Amino acid sequence: MTSAYVLDSHLSKFGKTDSDYQSLSYDTANHLLKKNPGFIPEFLIFACMAPERYTGEIFLPAKIKEDLGLSSLFAIRSETASSSGASALHLARYLLLSGKFKRGIVIGTEVMSRLPREENNLLLGSVLSSQQRNLAMSMAQGGALTATRYLRDFGYTRKELFRLSKKLHDNGLENKIAHIQKNLSEEEYFSSPMFSSPLCLYDISPLSDGSCALLLETDPARLKKDRKKIEITGTGHGLGQVNGVPGGLSFPASKSAFEQAYSESGKKSSDIQVAELHDAFTIFEIIAAEDAGLFPQGKALANVAEGITDKRGRLPINPSGGLKTRGHPVGVSGLAQVAELCEFMNGNDADTALSLSIGGLGVNNFATILEAKK
């Protein structure tokens, strides 16, 4: 039975870069391949959302392959908006499990800083339905509708949202590649600009540049002896309705993705020891944790307040700082989550990990389960 392992990964610094997509992708992938000189990929999958809009670049998989000096291989692009990195990873795993390929490289890159915030918001909002856009709705407003209902229905206040944001900022302080490294105070949180009530500046992920590359391998004998053998044992996908009504307390696409990943891996929610969950808006971490069955509905935010999900808590969630502080180069985030989980698992006792990457407003979602094998 073929298995797909994460051999190694490399993350660029997230934030703002002067590089273009092609150059940044080359730098990240070349660094990784130089660390693994015997690795010869048989395919290259490139993940991004809209390089044509950001920098005017096209035909990137072939150009990146050429820059890396690779021989002819299968090279394609995967684009599912903000879950593009995860969709590329899942596609890579399917190629390996098919038996057609034995190893490959997945690269995700985004250069979002070239457009002003207003244009970025319009571009990101293009994934919304025409009906939602006709109402002048933004992605942040969609997140705010969910946050408003969650706080109201389960009796929370913005003080609990601050505790969630504070956790993510504290984690970002320890992540050397994070876009935001800030010791957030309660005063700063409550005096910051309100983007869409109840979500303020510190509840929304930044517009980031960044890149990530992963090497996938089917032969466990080729894995590094000084690192855990991390296998992708479960993947799941959910595709919801673009025209769905925003503001729900659950994303059906996420629940479907989690159910498939659990079923394929043979794991249950109680087996998960660490998770990286899509938090373009802080409330999305809470919804994802409950959709994954890590906490009962309405209880996840209370567990954050109690420190259960802290980096050194019983069940760390977003120990990297999440999209909120590591940064959110949209087409990269799903790939970066897996790279961060592999690093966490290698430095801690956790042997079973879960990620969720969301495309659009909870529409095109991918769940991944990683296990460290002996």
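Every chain begins its residue count from 1, and numbering advances along the sequence as written. Given that this is a predicted model, residues contribute local features only at a pLDDT of at least 70 and side-chain atom pairs are listed and counted only at 80 or more, while totals for whole chains, interfaces and linings are drawn from all residues. Note that the side-chain values use all heavy atoms of the structure and ignore hydrogens as well as water.

## Details of the overall build of the chain
Note the cut-off: Only DSSP runs of H or I reaching four residues or more are called helices, and only runs of E reaching two or more are called strands; each is numbered from the N terminus. Only C-alpha atoms enter the radius of gyration, while the globule expectation follows 2.2 Å times N to the 0.38, with N the number of residues. Exposure categories follow from relative accessible area, calculated using a 1.4 Å probe and restricted to protein chains: below 20% of the type maximum is buried, above 50% is exposed, and the middle band is partly exposed. Only heavy atoms enter the contact rule, under which two residues are in contact if any of them lie within 4.5 Å. For the charge count, each Lys or Arg is scored as positive and each Asp or Glu as negative, with His and the chain ends excluded. Charge positions are represented by NZ for Lys, CZ for Arg, CG for Asp and CD for Glu.
Across its full length, the chain holds 14 helices and eleven strands. Taken over C-alpha atoms, the radius of gyration comes to 19 Å for the chain, in line with the 21 Å a tight globule of 374 residues would show. In terms of principal-axis extent, the alpha carbons of the chain reach across some 55 × 45 × 40 Å. In the chain, buried positions account for 61% of the 374 residues. Put simply, 78% of the contacts in the chain that link residues at least 6 apart link residues at least 24 apart. Looking at the chain, you have 41 positive and 41 negative side-chain charges, and the mean spots of the two groups are 3 Å apart.

## Quick look at the nonpolar core
Note the cut-off: We define the nonpolar core as a collection of buried residues of types Ala, Val, Leu, Ile, Met, Phe, Trp, Tyr and Cys that are connected through side-chain atoms lying within 4.5 Å of one another.
Ranked by internal contacts, the top residues of the largest apolar core, which has 52 residues, are Tyr150, Leu277, Phe281, Ile283 and Leu294. When sequence neighbours within four positions are dropped, the list of residues in contact with Tyr150 reads Gly155, Tyr156, Leu249, Ile283, Ile286, Ile287, Glu290, Gly298, Lys299, Ala300 and Leu301. Counting residues in each nonpolar core, the second largest holds 34 residues, with Val106, Cys212, Val274 and Ala336 among its members.

## What about the packing of aromatic side chains?
Applied cut-off: Stacked, tilted and edge-to-face pairs are distinguished by plane angle, under 30 degrees for stacked and over 60 for edge-to-face with tilted covering the rest, among Phe, Tyr and Trp rings (Trp via its six-membered ring) whose centres lie within 6.5 Å.
Inspection of every chain in the model, using the stated rule, returns ten aromatic pairs. Each ring, one from Phe258 and one from Tyr262, has its centre 6.5 Å from the other, and the planes form 25°; the classification is stacked. Here Phe258 pairs with Tyr262, and both are found in helix 10 (residues 252-265), just four residues apart, close to one helical turn. Taken together through their ring pairs, the aromatic side chains of Phe43, Phe74 and Phe101 make up a single cluster.

## With respect to the UniProt feature "domain: Thiolase C-terminal" (unreviewed entry) in the chain
Which entries qualify depends on this criterion: UniProt positions are given in the numbering used here, feature names are shortened, and annotations may be inferred rather than shown by experiment.
Feature annotation in UniProt places "domain: Thiolase C-terminal" (unreviewed entry) on residues 252-371, given in this structure's numbering. From the first C-alpha to the last, residues 252-371 spans 25 Å; its make-up is 41% helix and 15% strand.

## With respect to the side chain of Thr218
Spelled out, the test is: Contacts described as polar in this section are N or O atom pairs within 3.5 Å, which, within protein, must combine one atom able to donate a hydrogen with one able to accept it, while residues neighboring in sequence count only if both atoms come from side chains.
Considering the arrangement of structural elements, one finds Thr218 in the loop between strand 7 (209-217) and strand 8 (229-239). When its relative accessible area of 17% is taken as the criterion, Thr218 is described as buried. At a separation of 2.9 Å, a polar atom in the side chain of Thr218 contacts the main-chain carbonyl oxygen of Lys102.

## As for the environment of Cys342
By the secondary structure assignment, Cys342 is in helix 14 (residues 333-347). Distance in space between the C-alpha atoms of Cys342 and Ala86 is 15 Å, their sequence separation being 256 residues. Setting aside residues up to four positions removed in sequence, Cys342 forms contacts with Val6, Ile230 and Leu370.

## Re unusual backbone geometry
The omega torsion across Ser197 and Pro198 is 10°, close enough to zero to call that bond cis. Here Pro198 shows up in the loop between strand 5 (194-196) and strand 6 (199-200). One non-glycine residue, Phe59, lies in the positive phi region at around 60°. The phi angle at Ala136 is positive, at roughly 60°, despite the residue not being glycine. Here Ala136 lies in the loop between helix 6 (130-134) and helix 7 (139-154).

## So, the pairing of strand 9 (residues 274-277)
The side chains of a regular strand alternate between both faces of the sheet. Spelled out, the test is: Strands pair, by our definition, only if DSSP identifies at least two bridges between them.
Going residue by residue along strand 9, you find Val274 and Glu276 tucked away on one face and Ala275 and Leu277 tucked away on the opposite face as well. Bridge count for strand 9 against strand 10 (residues 352-357) is four bridges, and the pairing is parallel. For Leu277, the partnering residue across the bridge sits in strand 10 and is Leu356.

## Quick word on the packing of helix 8 (residues 158-173) against helix 11 (residues 282-291)
What counts, and what does not: Working convention: axes come from line fits to C-alpha atoms, limited for helices to the stretch in contact. Angles between N-to-C directions cover 0 to 180 degrees. Geometric relationships in this document are graded by angle, where less than 35 degrees denotes roughly parallel, more than 145 denotes roughly antiparallel, 65 to 115 denotes roughly perpendicular, and other angles denote oblique. Residues are grouped as follows: nonpolar covers Ala, Val, Leu, Ile, Met, Phe, Trp, Tyr, Cys and Pro; charged covers Asp, Glu, Lys and Arg; every other residue, Gly included, is treated as polar.
Relative orientation of the contacting elements helix 8 and helix 11 amounts to 95°, with a least axis distance of 9 Å. Looking at the two axes, helix 8 sits roughly perpendicular to helix 11. Of the residues in helix 11, those in contact with Leu161, Leu164, Lys167 and Leu168 of helix 8 are Thr282, Ile283, Glu285 and Ile286. In terms of residue class, the contact of helix 8 with helix 11 is built from five nonpolar, one polar and two charged.

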